[in-house]
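Descriptive analysis of the structure
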Amino acid sequence: MKRVPKPVFFVVALLILAFSFTAIFGISYYTGDNKTTVLKGISDIRWGIDIRGGVEATFKPAGDVDATDEQLESAKSIIELRMVSQGITDYELYADAKSDRIIVRFPWKEDSDQNAVEAIEEISSTAQLTFRPGDGHATTDIDSNGEYVYKTPSGDTANTILMDGSYVESASAGMTTDKTTGKNSYVVQLKLKSSGDKNGKERFADITKEYLNQQVSIWMDDIMLSAPKVEAEITDGNAVISGSFTAKEAQDLASKINAGALPFQLETSNYGTISATLGENSLVAMAYAGVIAFIIIAIIMILFYRLPGFVAVISLIGQMGLAIAAVSGYFPVFSSFTMTLPGIAGLILSIGMGVDCNVITAERIKEELRAGRTLDGALERGTKNSLSAIVDGNMTVIIVSIILMLVFGPANILSIIFGESTTGTIYSFGYTLLVGVIANFIMGVFCTRIMLRSVAGFKFLRKKWLFGGAKND
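Residues numbered from 1 in each chain as written. Predicted model: local features only at pLDDT ≥ 70, side-chain atom pairs only at ≥ 80, totals over all residues. Heavy atoms only, no water.

For the protein chain, the average pLDDT comes to 83, and 90% of its residues sit at 70 or higher. At the level of individual helices and strands, the protein chain shows its lowest average pLDDT in helix 11 (residues 413–418), which scores 54, and its highest in helix 1 (residues 7–25), which scores 93. (pLDDT = per-residue confidence, 0-100. Helix = DSSP H or I, 4+ residues; strand = E, 2+ residues; numbered from the N terminus.)

Written out as structure tokens, the structure reads:
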């Protein structure tokens, strides 16, 4: 067996424990009454309607627009896609064609009404991306960061639309480095369509050729995002929107562009709050039950499997931390995810699979020791023989969870059959189950094996009974 250096066990164990602690409790500090969150934890998770309640909003076409059934369904689909792109999965969404109304319910903290209002405005914004000549604007504001915000196109900029978002195939957030200053900045990268009636590649090439050495401004609704000077003809079908974006702003803008523009402007006709069906007391009870269950599992693992059981407990802590981090917004590249009761069930199931993964490995090692193999040989063959069974079981669950996310995600035929209120909850279950199983692969398979091989290098621990063998070994 290939030995792993002894210090590796302490390094990996400390990294897992430190990461899990920050993922569970988060890191934040106060400057006066203002709270600044460095790393998000459980307290920053957006809980579902069933646990903490939420908000309800009714949208209608602005003005005297008489929306057709097709336009209303299109608007509903776009709103649905925007909800999921923001990590809101426990939602209810209905379209009433008779009264031209779209009703949406989604979870939100009761003490965050302003954020809920902003979320509603974000969801119902027209999100019309346009490219216009020049940078004419009627008004100028200053945002919270002290940056100028230019609004309402004017003059030739208002009268001429060179291209709109329908020519864009996809948008993604990215980062660019200024070659002169070396400063990094976030941008939105656009890939233009290269075929069909909306051939953005050819259209953008014509625009950059016609307006060479001139400004072409990029607008989202009536706000100017940037107004770069065209320095060369762009023919590869790729464009970049630059501006004073944060990572979240760039990701949000890319999500809105991908979702598309609503067929008509919406206005909020009604807004209210929804009471939780279970409440936070149920959440506290589940938390206590989870802690007690984990302590019991940890004791059983250590009693039955000794040193491999102790290592397994560390890996399980890491798996829980990684799964929580994937839904809380701990990683800036991933938006926070709505945690519902089905979502919690997905995490519990994945933790159970993590226990099963470590039990299989420990049992295989014990079998090899009882067959008379050396400690190194038992660790080598035990971990190798258990891998196929672990991979088979976990890959099956990964496939199922991906199918659940694809089938019960937005814009699919089964959403119509089963209804939108079912879509979000099942999607949430599939997502948490998927991230939990991936965390199991990282912690239960990779980290457990590294720590076992490392700890086996300590002479005072090289006793077969510590790894499940008989006491006289």
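Alright, that's what it looks like, and here's the rest.
Here we take up the sheet that holds strand 15 (residues 238–245). Pairing is antiparallel across the open sheet formed by three strands, whose spatial order is 11-12-15. The open sheet terminates on both sides in strands that have one partner only, identified here as strand 11 (168–177) and strand 15. Each strand axis lies, on average, 25 degrees off the axis of its neighbour in the sheet, ignoring direction. Here strand 12 (residues 184–192) pairs with strand 15 via six bridges, running antiparallel. Within strand 15, the residue paired with Gln189 across the bridge is Val240. Set on the sheet, helix 7 (residues 247–259) makes contact with strand 11, strand 12 and strand 15; between it and strand 11 the angle comes to about 165 degrees. (Pairing = 2+ DSSP bridges. Axes fitted to C-alpha atoms, helices over the stretch in contact; angles between N-to-C directions. Contact = heavy atoms within 4.5 Å.)

A word on the packing of aromatic side chains. How two aromatic rings sit relative to each other is set out by the distance from centre to centre and by the angle between their planes. Considering all chains together, one arrives at ten aromatic pairs under this definition. When the ring of Phe9 is compared with that of Phe10, the centres are 5.3 Å apart and the planes differ by 75 degrees; the resulting orientation is edge-to-face. Using a relative accessible area of 9% as the deciding quantity, one classes Phe9 as buried. When its relative accessible area of 45% is taken as the criterion, Phe10 is described as partly exposed. Ring geometry for Phe21 against Phe25: centres 4.9 Å apart, planes inclined by 45 degrees, an arrangement best described as tilted. Taken together, the residues span about one helical turn, with Phe21 and Phe25 both in helix 1 at a distance of four residues. These aromatic residues form a ring-pair network of at least three members: Phe9, Phe10, Phe458 and Phe460. (Phe/Tyr/Trp six-rings, centres within 6.5 Å; stacked < 30°, edge-to-face > 60°. Buried < 20%, exposed > 50% of the residue type's maximum accessible area, 1.4 Å probe, protein only.)

What follows covers the environment of Asp222. Within the secondary structure, Asp222 sits in the loop between strand 13 (216–220) and strand 14 (223–226). Put simply, Asp222 and Gln128 are 94 residues apart on the chain and 8.6 Å apart in space, counted from C-alpha to C-alpha. Apart from residues no more than four positions distant in its own chain, Asp222 is found in contact with Tyr150, Lys151, Thr152 and Pro153.

Counting residues in each nonpolar core, the largest one holds 26 residues, and the members touching the most others are Leu129, Phe131, Val188, Leu190, Leu225, Ile241 and Ile257. Per element, the largest residue contribution to this core is four residues, and it comes from helix 7. Residues in contact with Leu225, not counting those within four places in the same chain, are Leu129, Ile218, Trp219, Met220, Ile241, Ser242, Gly243, Phe245 and Leu253. Within the second largest apolar cluster, 23 residues are counted, among which are Ile78, Met83, Ile88 and Trp108. (Core = buried A, V, L, I, M, F, W, Y, C linked by side-chain atoms within 4.5 Å.)

So, on to the layout of surface pockets. The space that makes up the second largest pocket amounts to roughly 890 Å³. For the second largest pocket, the lining is made up of 24 residues, of which Met286, Ala287, Gly290, Met320 and Ile324 are closest to its centre. Looking at the lining of the second largest pocket, the elements that each hand over two or more residues are helix 8 (280–328) and helix 9 (341–370). Considering every element that reaches the lining of the second largest pocket, the biggest residue donor is helix 8, with 14 residues. Looking at the lining of the second largest pocket residue by residue, the class counts come to 22 nonpolar, two polar and no charged. (1 Å grid on protein atoms, 1.4 Å probe; cavity = no way out; pocket = protein on both sides within 12 Å on 5 of 7 lines; lining within 4 Å. Points joined across faces, edges and corners; volume = space filled by probe spheres on them. Nonpolar A, V, L, I, M, F, W, Y, C, P; charged D, E, K, R; others polar.)

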